[in-house]
Amino acid sequence: MEDKKNIFDFAGMVFITFGFCMICMMLFTVIFGEEAKEFSTMFALGKKGIPVELMAQFLTLAVLITLARYLFFSDVLIKRGSIAVRTAGMFLTIIIICACYIFSFQWFPVNMWDSWAGFFICFGISSVVSVMIMTLREKMENKKMEEGLKRLRKQWEEEKNE
């Protein structure tokens, strides 16, 4: 059962997404920073850090990703549709948004196939991990609801027998 979402839920998801992106960027900066600083605005500081402009770009990207998630998994955009269709639509939208950011902010040379391969590998891994976490969360919530329903049925039976 889905609760009504509010602005605080939205903001929370934005910051979770942003935090995940920043953790990934920290790792990539440490690993690839010096070698990639000649090719990418993302690594302009090399291993020394992440530019503030890039963090602002990632924050706006996190807002757009969270908005896409909200639109695809609420009835605002799609009245009917399976989880698979909604998930595919959301991921396609996020890839398009990311591609727009890559082109607009010159995150990496768009004519280098290995940069795109790296992007799709990272996107794929993070997507799989995200889906696994959401599936696990849903299973845990369903189990909790099932246990609550069993307790409620037991309580009703006890009241009925009294």
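Look a little higher up for the structure.
A.B. asks: Break down the environment of alanine 62 for me, with residues and values.
C.D. replies: Assignment of secondary structure puts alanine 62 in helix H2 (residues 52–73). Through-space distance from the C-alpha of alanine 62 to that of lysine 5 is 17 Å; in sequence the pair is 57 residues apart.

A.B. asks: Account for the nonpolar core, naming residues and giving values.
C.D. replies: Of all hydrophobic cores here, the largest spans 30 residues; its most connected members are Met25, Phe58, Leu61 and Trp107. Those elements giving two or more residues to this core turn out to be helix H1 (7–36), H2, helix H3 (83–105) and helix H4 (113–161). With 8 residues, H3 is the single largest residue contributor to this core. Excluding residues within four positions of it along the chain, leucine 61 makes contact with Ile97, Cys98, Tyr101 and Trp107.

A.B. asks: Before we move on, can you summarise the pattern of salt bridges with the specific residues and values?
C.D. replies: Summed over all chains, the structure comprises 3 salt bridges. Of the charged contacts in the structure, one is a salt bridge between lysine 37 and glutamate 34, with a shortest N-O distance of 3.8 Å. On the accessibility criterion, lysine 37 (34% relative accessible area) is partly exposed. Using a relative accessible area of 34% as the deciding quantity, one classes glutamate 34 as partly exposed.

A.B. asks: Outline the packing of aromatic side chains, listing residues and values.
C.D. replies: Ring pairs (aromatic) are described by centroid distance and by the angle formed between their planes. Summed over the entire model, instances satisfying the criterion amount to 12 aromatic pairs. Linked through ring pairs, Phe91, Phe103, Phe108, Trp116, Phe119, Phe120 and Phe123 together constitute an aromatic cluster.

A.B. asks: An account of a nonpolar patch on the surface is needed here, citing residue identities and associated values.
C.D. replies: Taken together, the side chains of Ile23, Met26, Leu27, Val30, Ile31 and Phe32 make up a nonpolar region of the molecular surface, amounting to roughly 600 Å² of accessible area. Within the element layout of this structure, leucine 27 appears in helix H1.

So, how was this worked out
- Along every chain, residues carry numbers that run from 1 in the direction the sequence is written.
- For a predicted model such as this one, the threshold for reporting local features is a pLDDT of at least 70, and the threshold for listing and counting side-chain atom pairs is 80 or more; totals across whole chains, interfaces and linings nevertheless cover every residue.
- Side-chain numbers come from the whole structure's heavy atoms, not from hydrogens or water.
- Each helix is a run of DSSP H or I of at least 4 residues and each strand a run of E of at least 2, with the numbering of both proceeding from the N terminus.
- Put simply, buried Ala, Val, Leu, Ile, Met, Phe, Trp, Tyr and Cys residues joined by side-chain atoms within 4.5 Å make one nonpolar core.
- For each residue, the accessible area found with a 1.4 Å probe, counting protein chains only, is set against the maximum for its type, and the residue is called buried under 20%, exposed over 50%, and partly exposed in between.
- Contacts were defined at the residue level, with two residues in contact if any of their heavy atoms lie within 4.5 Å.
- We define a salt bridge as a contact between a side-chain nitrogen of Lys or Arg and a carboxyl oxygen of Asp or Glu at a distance within 4 Å.
- Only Phe, Tyr and Trp rings take part, Trp by its six-membered ring, and two of them pair if their centres are within 6.5 Å. Stacked means planes under 30 degrees apart, edge-to-face means over 60, and tilted covers everything else.
- Exposure above 30% relative accessible area and no salt bridge define the residues that can form patches, which grow by joining like charges within 9 Å and nonpolar side chains of Val, Leu, Ile, Met, Phe, Trp and Tyr within 5 Å.
- Note on areas: these come from Shrake-Rupley sampling with a 1.4 Å probe, and a residue is covered only by the protein chains present in the view.

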